Amino acid sequence: MWALNQWYVAAFSNEVHNKLLARKFLGKPVVLYRCMDDRVVALEDRCAHRFMPLSFGHVENDNVTCGYHGMSFDSSGKCVRIPAQENIPSAACVRSFPVHEKDKLVWIWMGDAEKADIALVPDMGRLNAPEWIAAQGYHHLKADYRLLNDNLLDLSHVAFVHSRTIGNAAVANSPITVKQTADTVSVHRDVVGALAPPFFEYLGKFTKPIHRWHTVNFHAPSICVIEVGCESLEGVDGEVRIEGCVMHLATPETEDTTHYFWAFIRHFRQHDSALTEYIRQAITATHGEDKVVLELQHTALTPAQRDNPVGFAIAVDSGPIRARRIVERLISEEKRTKAEQMSTEA
Ligand code: FES
Ligand SMILES: [Fe+2]
């Protein structure tokens, strides 16, 4: 249900230090840490000896020492010390995963290491650009990551789920346009002539009806970058025009759970730290509302419905359905390549 040969967000850079951080990605336990030269390392969180989670141990001189019988593994996963024993068996190593740190994010590749091309790391450069300021956060979802894709590609739900922050009825009542390429889907909506919902009213100080827009850009398999903006229709109201971008970076944890990293970035009133904190709290509350919905929806689905969780499709399902088809194609291409490899080797 997931594509292995992809870069996924493992952590925000500021979460990874010179101590062990345990996380599961795509069903595999991983331990992350930062070396003395600032490099980030990801090893399977499972000691090669008796399978104790390595995260129970500690880091010393860039090596991880298991907290059960004291074997040490270097940053490549190779065992470099066994207490009271000279001989180190060749099987004494743990898997290491390719990682790449970019744009204040740590990306991990859970698939075939030789295919991990850093040129394929998605560009989130605005997270690291001085003219943009970020409010960011993390939610742990007890839901299939594909339900989060569905949610973000159909923002009609903000009218019903987020009326306290980013939504009002005018959003659901405005039509969408959908575009698609091989690996991307884009859903755009203009909402013209309605009052701003509470969050945007606060951000832009709008008092009269506005033009509001959002464009959801989906990058398979689990990233949605939403460009948002509002402008005064009369040209003199409030801040006149505000623009921002919300990065939704999902990483499957298991078949039933998802890491949901997000950042709201803006390039207006960048030095207003009270505004940054307001945004952080408002978006945390908003995504908390999505978490409730997605977890209830996940629980309601039968196993047979998980790959296609829709009773009947309406216009707003166009984006989510196209995105699901792209993800399905990536997964089936991987399976086909793997099967071909295995038949060649046999
Ligand atoms: S389980 Fe790790 S050293 Fe024995
Ligand atoms: Fe939402």
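Residues numbered from 1 in each chain as written. Chains lettered and ligands numbered in written order. Predicted model: local features only at pLDDT ≥ 70, side-chain atom pairs only at ≥ 80, totals over all residues.

Undergrad: Could you give an account of the overall build of the chain, with specific residues and numbers?
TA: A count of helices and strands for the chain gives six helices and 18 strands. Over its C-alpha atoms the chain spans a radius of gyration of 23 Å, differing by no more than 12% from the 20 Å that the globule rule assigns to 346 residues. Counting only C-alpha atoms, the chain reaches 80 × 50 × 35 Å along its principal axes. The 346 residues of the chain split such that 37% are buried. (Helix = DSSP H or I, 4+ residues; strand = E, 2+ residues; numbered from the N terminus. Rg over C-alpha atoms; globule rule 2.2 N^0.38 Å. Buried ≥ 20, exposed ≤ 12 C-beta atoms within 10 Å, placed from the backbone.)

Undergrad: Any chance you could break down the sheet that holds strand β12 (residues 133-141) for me, citing the residues and the numbers?
TA: Paired through backbone hydrogen bonds, the strands of a sheet run either parallel or antiparallel to each other. The strand order across the open sheet formed by seven strands is β12-β18-β17-β16-β15-β14-β13, and the pairing between neighbours is antiparallel. Every other strand in the sheet has two partners, leaving β12 and β13 (176-180) as the edge strands with one partner each. Within the sheet, the average angular offset between the axes of one strand and its neighbour, ignoring direction, is 15 degrees. Sheet topology places strand β17 (residues 241-254) next to strand β18 (residues 257-266); ten bridges connect them, and they run antiparallel. Across the sheet, L249 pairs through a bridge with F261, a residue of β18. (Pairing = 2+ DSSP bridges. Axes fitted to C-alpha atoms, helices over the stretch in contact; angles between N-to-C directions.)

Undergrad: Tell me what's going on with the nonpolar core, and back it up with residues and numbers.
TA: Counting 89 residues, the largest nonpolar core has A10, L32, V106 and I108 as its most contacted members. Structurally, this core is a two-domain feature, drawing no fewer than three residues from each of domain 1 (7-120) and domain 2 (129-329). Ignoring sequence-local partners within four residues, the contact set of A10 consists of R23, F25, L32, A42, V99, V106, W107 and I108. (Core = buried A, V, L, I, M, F, W, Y, C linked by C-beta atoms within 7 Å. Domains from an automatic or database assignment. Contact = placed C-beta atoms within 7 Å.)

Undergrad: Requested: an account of the domain arrangement of the chain, with residues and values cited.
TA: Taken domain by domain, the chain consists of domain 1 (7-120) and domain 2 (129-329). Here the C-alpha centre of domain 2 lies 33 Å away from the C-alpha centre of domain 1. Counting from both sides, the interface comprises seven residues of domain 1 and, opposite them, seven residues of domain 2. With three residues, strand β1 (residues 7-12) is the single largest residue contributor to the side of domain 1 that touches domain 2.

Undergrad: Let's hear about the packing of helix α1 (residues 145-153) against helix α6 (residues 318-345): which residues, and what values?
TA: A pair of packed helices can be characterised by two numbers: the angle between their axes and the separation between those axes. The contact between α1 and α6 brings their axes to 8 Å, and the two run at 145 degrees. α6 is crossed by α1, and the crossing has right-handed handedness. Between α1 and α6, the contacting residues are R146, N149, D150 and L153 on the first element and G319, P320, A323, R324 and V327 on the second. Looking at side-chain class alone, the contact of α1 with α6 contains four nonpolar, two polar and three charged residues. (Left-handed = near helix turned anticlockwise from the far one by under 90°. Nonpolar A, V, L, I, M, F, W, Y, C, P; charged D, E, K, R; others polar.)

Undergrad: Explain the sheet that holds strand β7 (residues 72-73) residue by residue, including any values.
TA: The antiparallel open sheet is built from four strands, whose spatial order is β5-β6-β7-β8. Strands with a single pairing partner mark the edges of an open sheet, and in this sheet they are β5 (58-60) and β8 (79-81). Bridging between β5 and strand β6 (residues 63-65) involves three bridges; their strand directions are antiparallel. Across the sheet, H58 pairs through a bridge with T65, a residue of β6.

Undergrad: For the pairing of strand β10 (residues 99-102), give the residues involved together with the corresponding values.
TA: Examined bridge by bridge, β10 and strand β11 (residues 105-109) share four bridges and lie antiparallel to one another. Looking at the pairing, K102 lines up with L105 of β11. Counted along the chain from β10 to the antiparallel partner β11, the turn is two residues long, and its residue D103 has a positive phi close to 55 degrees.

Undergrad: Give me the lowdown on helix α5 (residues 273-300), citing residues and values where you can.
TA: The end-to-end C-alpha distance of α5, which contains 28 residues, comes to 40 Å, matching closely the 40 Å that a straight helix rising 1.5 Å per residue would cover. When we look at burial in α5, the residues that qualify are I279, A282, I283, T286, H287, D290 and L294. Buried residues along α5 sit in contact with β12, α1, α2 (158-161), α4 (198-204) and β18. (Expected span 1.5 Å × (residues − 1).)

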